[in-house]
Amino acid sequence: MTINKKIILKNNPVGVPKETDFEIAESIIPEISENEILTKTIHLSLDPYIRGVITGRHIYSEKVNIGDTIVGRTVGEVITSDHHDYNKGDIVVCSNGWQEYGVTNGEGVRKLDPSSAPLSTALGILGMPGLTAYAGLLVYGEPKENDLIVVSAASGPVGCMVGQIAQIYGAKAVGIAGTNEKCETVINKFGFLDCINYKTENLEQRIKEICPNGIDVYFDNVGGETLNIMTRNLAMYARIVLCGFMTQYNLETPPPGPNLGPIVGSRASIKGVVVYDHYDKQEDFISLATGWLKEGKIKYIEDEVFGLEKAPSHFCKLMRGENHGKTIVTMEQ
Ligand SMILES: NC(=O)c1ccc[n+]([C@@H]2O[C@H](COP(=O)([O-])OP(=O)(O)OC[C@H]3O[C@@H](n4cnc5c(N)ncnc54)[C@H](OP(=O)(O)O)[C@@H]3O)[C@@H](O)[C@H]2O)c1
């Protein structure tokens, strides 16, 4: 009764984690101190972010070192309590990690009503993944009636909630998933309009068929080539919600090319601009900038050649990136 089984980190995983990177260990069930509770884990949540915590790349959690218990959210029953908010027998969401028992001071703990929903949902669709989908879609995706919302990893807790909430808000959901079985679940259980198996189908061709006028919202859970393809198939004024980068978590170094992962951490936004939409501001701009130029507040350089015949080579120079300043051809010296 006094033994607490747990899973600790044995090796720092390289690439996709292996079972041999972990090992079972035992410890004595800890005693509680003042204002603490001891809970016995009922459900343990395994989430992609844990990979980042193990590597030390997760910005909100300290790295799990070799010998440490692996972290994770849990649903547990209060076994003993010295905390005024919790009594023995209460069911709570807490963060015991990968172990049978855990002690907490109540920080980040939430009491559950077992009659309101199955307890495990507090770790999935009604928990952190569900909230991610809800906030990500409604705050950043801004779904509108009849919008086409595409989501990757569509059968997972984040993805399935994105698609279902989209439908509640009058939009249509299209999923992307990695097996036919997942796609069938996405369509038949979660009510998505369609679901593309990106491993066996031509993703770009299928997305063009399903969304002939483009995607209104792309909720990205994977990054990589899927994100790449979606960016080529956006409707006007589409919104991309960057949520997760499953294709990168097991990599030692980020893949080449623009890596949008840090955008999530910094909550930055990415927006498209096309100058032709902004000619109503032209007069104001010219008057302001001309003043700045006169006052010496702005400067410029030009890469100038003389004679029309120089235009092709000068253009090629520009396109090789060898121009230095605004590329200009002046007809006569
Ligand atoms: N930004 C946030 O605050 C936040 C919060 C929670 C979760 N997330 C992110 O949301 C995403 C979904 O989370 P979830 O909990 O709902 O996970 P999940 O969908 O249950 O599992 C991840 C799925 O990613 C897909 N995937 C695509 N490429 C992969 C690859 N190279 N390796 C492994 N899996 C790959 C797989 O589905 P397919 O076979 O269908 O491709 C896999 O089942 C994750 O990226 C997670 O990190 C972000």
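Just so you know, these numbers come straight off a predicted model, no measurement behind them.

### Looking at the pairing of strand E4 (residues 74–81)
Relative to E4, strand E3 (residues 37–44) runs antiparallel, the two being bridged by 7 bridges. Note that in E4 the partner of leucine 38 across the bridge is threonine 80. With 4 bridges connecting them, E4 and strand E5 (residues 91–94) associate as antiparallel partners. When the sheet's bridge partners are listed, glycine 76 is paired in E5 with valine 92.

### Details of the site of the ligand
The environment of the ligand is formed by 23 residues, the closest being Gly156, Val158, Ala177, Gly178 and Gly244. Elements represented by at least two residues in the shell around the ligand include exactly helix H2 (128–141) and helix H3 (157–168). Looking at the shell around the ligand residue by residue, the class counts come to 13 nonpolar, 8 polar and 2 charged. Residue-level mapping places the shell around the ligand at the junction of two domains, with at least three residues from each of domain 1 (3–123) and domain 2 (129–272).

### Description of the domain arrangement of the protein
The assigned domain composition of the protein is domain 1 (3–123), domain 2 (129–272) and domain 3 (281–330). Here the C-alpha centroids of domain 2 and domain 3 sit 40 Å apart.

### Re the sheet that holds E4
The 5 strands lie next to each other as E6-E3-E4-E5-E7, forming an open sheet whose pairing is antiparallel. Of all the strands in the sheet, the pair left with one neighbour each is strand E6 (101–104) and strand E7 (110–111).

### Overview of H3
Its 12 residues place the ends of H3 16 Å apart at the C-alpha level, agreeing with the 16 Å of an ideal helix rising 1.5 Å per residue. Among all positions in H3, only Pro157, Val158, Gly159, Cys160, Met161, Val162, Gly163, Ile165 and Ala166 are buried. Where H3 is buried, its residues contact H2, strand E8 (148–152), strand E9 (172–177), helix H4 (180–188) and strand E11 (215–220). Directly beyond the C-terminal end of H3, a positive phi value near 85° is found at glycine 170.

### With respect to the nonpolar core
Membership of the largest hydrophobic core comes to 41 residues, with the highest contact counts inside it found for Ile149, Val150, Ala154, Val162, Ile215, Tyr218 and Phe219. For this core, the element with the most residues is H3, which contributes 6 residues. Leaving out residues up to four positions away in the same chain, phenylalanine 219 has contacts with Gly136, Leu137, Gly141, Ile149, Val151, Val162, Val241 and Cys243. Listed in part, the 11 residues of the second largest apolar core include Leu38, Tyr86, Val92 and Cys94.

### Observations regarding the packing of H2 against H3
Direction vectors running N to C along H2 and H3 enclose 45°, while the axes themselves pass 8 Å from each other. In terms of orientation, H2 lies oblique with respect to H3. In the crossing of H2 with H3, the sense of the turn from one axis to the other is right-handed. Contacts between H2 and H3 involve Pro129, Gly130, Thr132, Ala133, Tyr134 and Leu137 from the former and Pro157, Val158, Met161, Val162, Ile165 and Ala166 from the latter. Partitioning the contact of H2 with H3 into residue classes produces 10 nonpolar, 2 polar and no charged.

### Points about the sheet that holds strand E12 (residues 234–242)
Here 5 strands make up an open sheet; going across it, the order is E10-E9-E8-E11-E12 and the pairing parallel. Here the strands that pair on one side only, and so sit at the sheet edges, are strand E10 (194–197) and E12. If you compare each strand with its neighbour and ignore which way they point, the axes differ by 20° on average. Sheet topology places E11 next to E12; 5 bridges connect them, and they run parallel. By the bridge assignment for E12, isoleucine 215 is matched with leucine 234. Relative to the sheet, H3 contacts E8, E9 and E11, its axis offset from that of E8 by approximately 170°.

### Here we look at unusual backbone geometry
Trans is the common state for peptide bonds, and a negative phi is the common state for residues other than glycine. Positive phi outside glycine occurs at glutamate 142, with the angle close to 45°. Relative to the helices and strands, glutamate 142 is located in the loop between H2 and E8. Residue class for glutamate 142 comes out partly exposed when judged on the 14 C-beta atoms lying within 10 Å of it. One non-glycine residue, asparagine 146, adopts positive backbone phi at about 70°. Looking at the element boundaries, asparagine 146 is found in the loop between H2 and E8.

Here is what the cut-offs are and how they apply
- Residues numbered from 1 in each chain as written.
- Predicted model: local features only at pLDDT ≥ 70, side-chain atom pairs only at ≥ 80, totals over all residues.
- Pairing = 2+ DSSP bridges.
- Helix = DSSP H or I, 4+ residues; strand = E, 2+ residues; numbered from the N terminus.
- Near = placed C-beta within 6 Å.
- Nonpolar A, V, L, I, M, F, W, Y, C, P; charged D, E, K, R; others polar.
- Domains from an automatic or database assignment.
- Expected span 1.5 Å × (residues − 1).
- Buried ≥ 20, exposed ≤ 12 C-beta atoms within 10 Å, placed from the backbone.
- Contact = placed C-beta atoms within 7 Å.
- Core = buried A, V, L, I, M, F, W, Y, C linked by C-beta atoms within 7 Å.
- Axes fitted to C-alpha atoms, helices over the stretch in contact; angles between N-to-C directions.
- Parallel < 35°, antiparallel > 145°, perpendicular 65-115°, else oblique.
- Left-handed = near helix turned anticlockwise from the far one by under 90°.

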